[in-house]
Amino acid sequence: MKALALALLFVSSLSFAADHIVEAGTYKAVDVESGMLEASLVVRADKTASFGLSTPDGINLACEGTYTVMGEIFIADMKCPMEGLEQIQVKIDITTVTPESIRSEKGAIVGVTLEVVGPDAFQFYLKLVE
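Below is a summary of the structure that appears in this document.

Here is what the cut-offs are and how they apply
- Residues numbered from 1 in each chain as written.
- Predicted model: local features only at pLDDT ≥ 70, side-chain atom pairs only at ≥ 80, totals over all residues.
- Heavy atoms only, no water.
- Helix = DSSP H or I, 4+ residues; strand = E, 2+ residues; numbered from the N terminus.
- Buried < 20%, exposed > 50% of the residue type's maximum accessible area, 1.4 Å probe, protein only.
- Areas by Shrake-Rupley, 256 points an atom, 1.4 Å probe, with all protein chains shown as cover.
- Core = buried A, V, L, I, M, F, W, Y, C linked by side-chain atoms within 4.5 Å.
- Contact = heavy atoms within 4.5 Å.

1. Things to note about the overall build of the protein chain
Of the regular secondary structure elements, the protein chain holds one helix and eight strands. Across the 130 residues that make up the protein chain, the buried fraction comes to 35%. Accessible surface for the protein chain amounts to roughly 8200 Å². Of this, 63% is attributable to carbon and sulfur atoms.

2. Section: the nonpolar core
If you look at the biggest cluster of nonpolar residues, it comprises 29 residues, and the most contacted ones within it are Leu41, Phe51, Phe74, Met78, Ile88, Val90 and Ile92. Counting only elements with at least two residues in this core, the list comes to β1 (25–31), β2 (38–43), β3 (48–54), β4 (60–70), β5 (73–79), β6 (87–93), β7 (108–114) and β8 (122–128). Setting aside its immediate chain neighbours within four residues, isoleucine 92 contacts Leu41, Glu72, Ile73, Phe74, Val110, Gly111 and Val112.

3. Some details on the environment of alanine 76
Within the secondary structure, alanine 76 is located in strand β5. Sequence separation of alanine 76 and serine 50 is 26 residues, and the distance between their C-alpha atoms is 9.0 Å. For alanine 76, the residues in contact, after removing those within four places along its chain, are Thr66, Tyr67, Ile88, Gln89 and Val90.

Structure (structure tokens):
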């Protein structure tokens, strides 16, 4: 009986680990700390995406690639036409993202990790604009 209960608990926990559904559209992200880093993300239903990043020091990055969602993490593998950054991976923790939070005035607070920068996540406000 105990084994059956553990098996049911395991199966039910798997159903809660289902992948988040990411709504296709255009998103804008602004860093929480300074408000000076701006990113854009276009998510398409065919699992392709565009990612752009603008920094105060004039770096403008425009990348194209594909994405997947693994649990609460949005992962985009991008190719960029910039020497030294030809290929990047963008990971976004979408745990806090709901249809309401991404449509709020500021947007949902998400952690964004760029593998080229390191393992630390940067906090951004992510907002659906289209």
